[in-house]
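The lines below spell out each chain.
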Amino acid sequence: MPHFDVLIVGGGQAGAYAAIQLRQQGFVGTVAIAGRENELPYERPPLSKEYLLGDKEWERLLIRPASFWQEKAIALLLGLEVTAVQPTARQVTMNDGSSLGYGKLIWATGGEPRRLACPGTDLKGVHVVRTRAHADAILGQLSDVSRAVIVGGGYIGLEAAAVLRKLGKEVTLLEALPRVLARVAGEDVSSFYEAEHRAQGVDLRTSAAISAVEGLDRVSGVRLADGSLIECQMVIVGIGIIPSVEPLLAAGIKGENGIEVDDFCRTSDENIYAIGDCAAQANRFAGGAVLRVESVQNANDQAACAVKAILGEAQSYAAIPWFWSNQYDLKLQTVGISSGYDAAILRGDCAARCFSVLYLKAGRLIAVDAINATRDYVQARKLIEEWAMIAPEDLVDTSRPLKDLPRL
Amino acid sequence: MTTIVFFEPDGTRREVEANPGESLMEVAVRHGVEGVDADCGGVCACATCHGHIDPAFFGRLLAMNDTEDAMLELVEDQRAANSRLLCQIQVGPELDGIVIKLPGVRR
């Protein structure tokens, strides 16, 4: 049975970055990445943006070229899924029946796109966006599509809507909640994005309830709870992910919505780490709440954190969350975690399409959404890291940079 | 072919070939050059492709935009007069022989 000193399960952003970090930090033991997709590790964010638009070809999505993994002696075991873990024996079983031994295991499997819970979701023409294969399936069908329905007003859904509008498709976007981005942003940001998408020609509907996806073999429309039918040839569902953690849970590792990890990304088994979208960790930027953070930033920083712990240089995870979303000519940059805010302050002018929303909790800055306002984003990052208290009347004063505002 | 010279954070000299139209960040990543993480994949959202540009070439580059200038504030303590984010610089024949020093990504 092959043995690896560090076995990484999952070949996405977190898994790839963990392997890169191991070598960068001088680790000389054997390292393998077992990845379910038959692809070199690649960046997922462009799948709903530049790649879908045809602005960026596949090779430019690769996190590192093929030669890198060979030169760094990182074994890529692609097309293989881990189906069971035996923590005591320090072994995993693969979907081809083979087994691998490990010294340390890094679980970086991300998640599966959540599917709609209504009839018709397995019809041809119903898509999700998580992998290259998913994006290619959409691209392969696009020339036959004039009308598309996007389900979900989160980042993926909004980004996909922007791309499809740019490609000249008729787009209806359905959000179940009363506003888009409800889970991640304040009302000012939601209403701004709703207005922008409508101005771009998207038929955007909030509080929308879907009763079925209809069609014979291929989707022909989406039926709403009020009985109306939206005709379409394509449906793209972007309603979040379910973390891929069953084998670890079955092995008795602690977790529920994601695998629970400590400040060093270690699970309830000392030889198993979990990182990226599938890891649930207390986050100091969310007041210590245990949560999964689905972002490139979190994938990379947790990977670096786990690697340090494995190398005996453990440092508590303390990275500030940041994220971006590009739609049309709008560059949204967010830093911190806004959930739990008790005041949201608008800085700048929405109509000028250049503004930021600053989220406060008990007077302290906890997060910022900056739209075409990179300088606010950058300067807020430092203020959030120091839990700065700044008077609201100062925060709205765009004549002064955030970094120059007096602290209370 | 255009030749680009990178100095990795530990001082290692890497002379690599670039294709027209690639960004300097993509050149570095494609050749496995240490010191360029490229977290955001080239959309000027992370500042992990910061480089100090050969002064002989710096003035010949297209000027940076406000977004890049703002993002460079994230690496303030490593920033110099010849700082640029490499994802924002496209390779062309005029860059042949350019030397870029990589201060390194802190994480």
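About the thresholds
- Residues numbered from 1 in each chain as written.
- Chains lettered and ligands numbered in written order.
- Predicted model: local features only at pLDDT ≥ 70, side-chain atom pairs only at ≥ 80, totals over all residues.
- Heavy atoms only, no water.
- Helix = DSSP H or I, 4+ residues; strand = E, 2+ residues; numbered from the N terminus.
- Rg over C-alpha atoms; globule rule 2.2 N^0.38 Å.
- Buried < 20%, exposed > 50% of the residue type's maximum accessible area, 1.4 Å probe, protein only.
- Contact = heavy atoms within 4.5 Å.
- Lys, Arg positive; Asp, Glu negative; His and termini not counted.
- Charge placed at Lys NZ, Arg CZ, Asp CG, Glu CD.
- UniProt positions renumbered as here; feature names shortened; annotations may be inferred.
- Pairing = 2+ DSSP bridges.
- Axes fitted to C-alpha atoms, helices over the stretch in contact; angles between N-to-C directions.
- Domains from an automatic or database assignment.
- Buried area = accessible area lost by both parts, 1.4 Å probe.
- Salt bridge = Lys/Arg side-chain N within 4 Å of Asp/Glu carboxyl O.
- Polar contact = N/O pair within 3.5 Å; in protein donor to acceptor, adjacent residues only side chain to side chain.
- Expected span 1.5 Å × (residues − 1).
- Phe/Tyr/Trp six-rings, centres within 6.5 Å; stacked < 30°, edge-to-face > 60°.
- Lys NZ or Arg CZ within 6 Å of the ring centre and 35° of its normal.

Chemist: Before we go on, may I ask you to explain the overall build of chain A in this structure?
Modeler: Looking only at helices and strands, chain A features 10 helices and 26 strands. For a compact globule of 408 residues, the expected C-alpha radius of gyration is about 22 Å, and chain A comes in at 22 Å, within 12% of that figure. Taken along the three principal axes of its C-alpha coordinates, chain A extends 65 × 60 × 35 Å. Within the span of chain A, comprising 408 residues, buried residues form 54% of the whole. Within chain A, contacts between residues separated by at least 24 positions form 59% of all contacts whose residues are at least 6 apart in sequence. Counting 41 positive and 49 negative side-chain charges, chain A places the centres of these two groups 3 Å from one another.

Chemist: Is there a simple way to think about the UniProt feature "domain: FAD/NAD(P)-binding" (unreviewed entry) in chain A in this case?
Modeler: On the UniProt side, "domain: FAD/NAD(P)-binding" (unreviewed entry) is annotated at positions that read residues 4-303 of chain A here. Secondary structure content for residues 4-303 of chain A is 23% helix and 31% strand, and the end C-alpha separation is 18 Å.

Chemist: Whenever I open this one, the sheet that holds strand 14 (residues 229-231) of chain A confuses me. Can you help?
Modeler: Neighbouring strands of a sheet are bound in pairs by backbone hydrogen bonds; such pairs are parallel or else antiparallel. Residues and elements named next belong to chain A. Reading across from one edge, 12-13-14 is the order of the three strands in this open sheet, with antiparallel pairing throughout. Looking at which strands have only one partner, the edges of the open sheet turn out to be strand 12 (210-215) and strand 14. Neighbour to neighbour, the strand axes of the sheet diverge by 25° on average, direction disregarded. Bridge analysis of strand 12 against strand 13 (residues 219-224) gives five bridges, and the strand direction is antiparallel.

Chemist: How do you make sense of the domain arrangement of chain A when you look at a structure like this?
Modeler: Often, the extent of an interface is quoted as the loss of accessible area on bringing the components together. Residues and elements named next belong to chain A. Domain annotation for chain A reports domain 1 (3-112 + 241-311), domain 2 (115-237) and domain 3 (329-404). The centre of domain 1, based on its C-alpha atoms, is set 30 Å off from the matching centre of domain 2. Counting residues at the interface gives 16 residues for domain 1 and 15 residues for domain 2. Summing both partners gives a buried area of about 1,500 Å² for domain 1 against domain 2, and 60% of it is carried by carbon and sulfur. It is Ser48, Leu52 and Leu53 that lose the most area in domain 1 upon contact with domain 2, and together they represent 41% of the buried surface on that side. On the surface where domain 1 and domain 2 come into contact, there are three salt bridges. In this structure, the salt-bridge partner of Asp277 is Arg130, at a minimum N-O distance of 3.0 Å. Across the contact surface, domain 1 and domain 2 share eight residue pairs in polar contact (both at pLDDT 80 or more). Among the elements of the structure, helix 2 (50-53) and strand 7 (111-113) are those that each provide at least two residues to the side of domain 1 that touches domain 2.

Chemist: Honestly, helix 9 (residues 374-385) of chain A in this entry has me stumped. Any pointers?
Modeler: An α-helix turns once every 3.6 residues. As a result, residues three or four positions apart point the same way. In this model helix 9 of chain A runs 17 Å from its N-terminal to its C-terminal C-alpha over 12 residues, within 8% of the 16 Å that 1.5 Å per residue would give. Where burial is concerned, most of helix 9 of chain A is hidden: nine out of the 12 residues are buried. Looking at the buried positions of helix 9 of chain A, the neighbouring elements they touch are strand 22 (322-327), strand 23 (330-336), strand 24 (343-349), strand 25 (354-361) and strand 26 (364-371) of chain A together with helix 3 (66-71) of chain B. Looking one or two residues past helix 9 of chain A, A:Trp387 carries a phi angle of roughly 50°, positive in sign.

Chemist: So what exactly am I meant to see when it comes to the packing of aromatic side chains here?
Modeler: Two aromatic rings are characterised by how far apart their centres lie and by the angle between their planes. Residues and elements named next belong to chain A. Going through the model one piece at a time under the given rule, you end up with nine aromatic pairs over all chains. Taking 4.6 Å as the distance between ring centres and 35° as the angle between the ring planes, the aromatic pair formed by Tyr155 and Phe323 counts as tilted. Highlighted residues: Tyr155 in helix 5 (residues 155-166) and Phe323 in strand 22, separated in sequence by 168 residues. For Tyr155, a relative accessible area of 14% translates into the label buried. Three or more aromatic residues joined by ring pairs form one cluster here, namely Tyr42, Tyr51 and Trp58. The ring of Phe68 carries the charged tip of Arg64 above its face, separated from the ring centre by 5.6 Å. Between Arg132 and the ring centre of Trp58, over which it is positioned, the NZ or CZ distance is 4.0 Å.

Chemist: Please clarify how the UniProt feature "domain: Reductase C-terminal" (unreviewed entry) in chain A should be interpreted in this entry.
Modeler: Residues annotated by UniProt as "domain: Reductase C-terminal" (unreviewed entry) correspond here to residues 322-405 of chain A. As a span, residues 322-405 of chain A carries 19% helix and 43% strand, and end to end its C-alpha atoms are 22 Å apart.

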